[in-house]
Every structure is written in structure tokens, then in C-alpha cells.
Amino acid sequence: ASSAMGCTTSPINYFTSTPNLASNATFNVTITCTTPNSAPTDITLSNATVSTTAGSNAVVGTLSATDADSGDTFTYSLVSGTGSTDNALFTISGNTLRVTNAAALTAGSHSVRIRVTDSGNAFYEMAFAITAMPPPTVTSLSPVFGLVTGGTTVTITGTGFTGATAVAFGGTAAAGFTINSDTQ
């Protein structure tokens, strides 16, 4: 007898009364065993915030799954159930969660329910809170005047600065900027 992946193969004795066969024959039987498919156990979203000014089809984050089966491939989808309140505002393309139209989002938390299905059709579902960030609001600049050629350090005060990716003055991008807080 031999063993592979917990399965055993061994000769089987076969007895027959058929005249053309020997009365006692031994046949080798091969049994093929496969490891049962394990369902995914977790979904991770790389980012859960999006600006309400991000535009149409804007990327929220990248999805990944945890599964005990090595080499599994995954399909992601939005599904109904607990936490699917705002599914209609989002789409999934491959492993990327996108907002259909960021301008249609109200600032605050939005809930989506995502299913990951592995190549063996086992699945796992999880709800995520996506935070829609309003556009920044500027309440003051200091100083209010600077050199036309640039080089003046300007302090901007307001709200919603966390996560800012650019600063411009009259359409001209600032050479550099530092976000000190959500308000400066």
C-alpha cells in the first residue's frame, strides 16, 4: 500500500467465476485525491476614503483576499445584505473599488458589502465603511500678498486639508507644500 495526500492505494483481490479469467486476479487501483477547497476568510481594502471632488469612476482602493488555498484567483462583487446601503453608488472593476460619481456622494460615511469568490466558488462577504471627504474650505491666507515671481511662504487656514495632493494660486501650482493639520 502507498499513501499520497492522506489517500491510500493498495492492490484489490478480485475473484470471478468467468471461464476466460483466472479465478483469482490482482488489480492495481489508483485513487485520485484532491484537497477540499477552503473559502476565503478575509477581504482587505487598501483605502477607504475618497474626495467628493474625485470625479466619475474614481478609485477608492484595491481589494485583496485571504485564503488558505495557494494560487487561488478571486472575483469581487457588490452584494446585498447587512451593510449594503450604498452599493448603488459604487462599482468594482477587477479588484478595484470605484465610486460611480464622487460629486453625488454626501460627505460622511457610506456602507458597501463586498463578496470575494475564489476559483472553487467558495465565498466570503464583508461590509466596509467608505468615508467621503468634502472639498477643502479656505477661510484665510497669510500673507494675502506675495511676490509675483513666487517664493513667499503662505499659511492657508480652513478645513478639510488632510489628504490634499496639490495647492495652486491662481491656477499656478505651488512649488511645494506641507499639511500641518486638517485646518492648516
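For clarity, every value in this text was computed on a predicted model and none was experimentally measured.

## Here we look at the confidence of the model for the chain
Here comes step 1: Of the residues in the chain, 84% reach a pLDDT of 70 or more, and the chain-wide mean stands at 85.
Here comes step 2: Note on residues 1–6: pLDDT is under 50 here. Beyond four places in sequence and across chains, it has nine contacts.

## Looking at the environment of Thr117
Here comes step 1: In this fold, Thr117 is placed in strand β11 (residues 108–118).
Here comes step 2: Taking the C-alpha atoms as reference, Thr117 lies 8.4 Å from Thr73; in sequence the two are 44 residues apart.
Here comes step 3: Sequence-distant contacts of Thr117, that is, excluding residues within four places in its chain, are made with Thr73, Phe74, Thr75, Ala122 and Phe123.

## Some thoughts on the packing of aromatic side chains
Here comes step 1: With the rule as written, the count across this model stands at zero aromatic pairs.
Here comes step 2: Above the face of the Phe123 ring, Arg115 is positioned so that its terminal group lies 3.9 Å from the ring centre.

## Considerations on the sheet that holds strand β6 (residues 49–51)
Here comes step 1: Strands sit in the order β6-β12-β11-β8 across an open sheet of four strands; the sheet is mixed. Both edges of this open sheet fall to β6 and β8 (74–78), since each of them pairs with a single strand only. If you compare each strand with its neighbour and ignore which way they point, the axes differ by 35° on average.
Here comes step 2: In this sheet, strand β12 (residues 123–133) lies alongside β11 in antiparallel orientation, the contact comprising 10 bridges. Following the sheet pairing, Ser109 is matched in β12 by Thr131.

Conventions we followed
Residues numbered from 1 in each chain as written. Predicted model: local features only at pLDDT ≥ 70, side-chain atom pairs only at ≥ 80, totals over all residues. Heavy atoms only, no water. pLDDT = per-residue confidence, 0-100. Contact = heavy atoms within 4.5 Å. Helix = DSSP H or I, 4+ residues; strand = E, 2+ residues; numbered from the N terminus. Phe/Tyr/Trp six-rings, centres within 6.5 Å; stacked < 30°, edge-to-face > 60°. Lys NZ or Arg CZ within 6 Å of the ring centre and 35° of its normal. Pairing = 2+ DSSP bridges. Axes fitted to C-alpha atoms, helices over the stretch in contact; angles between N-to-C directions.

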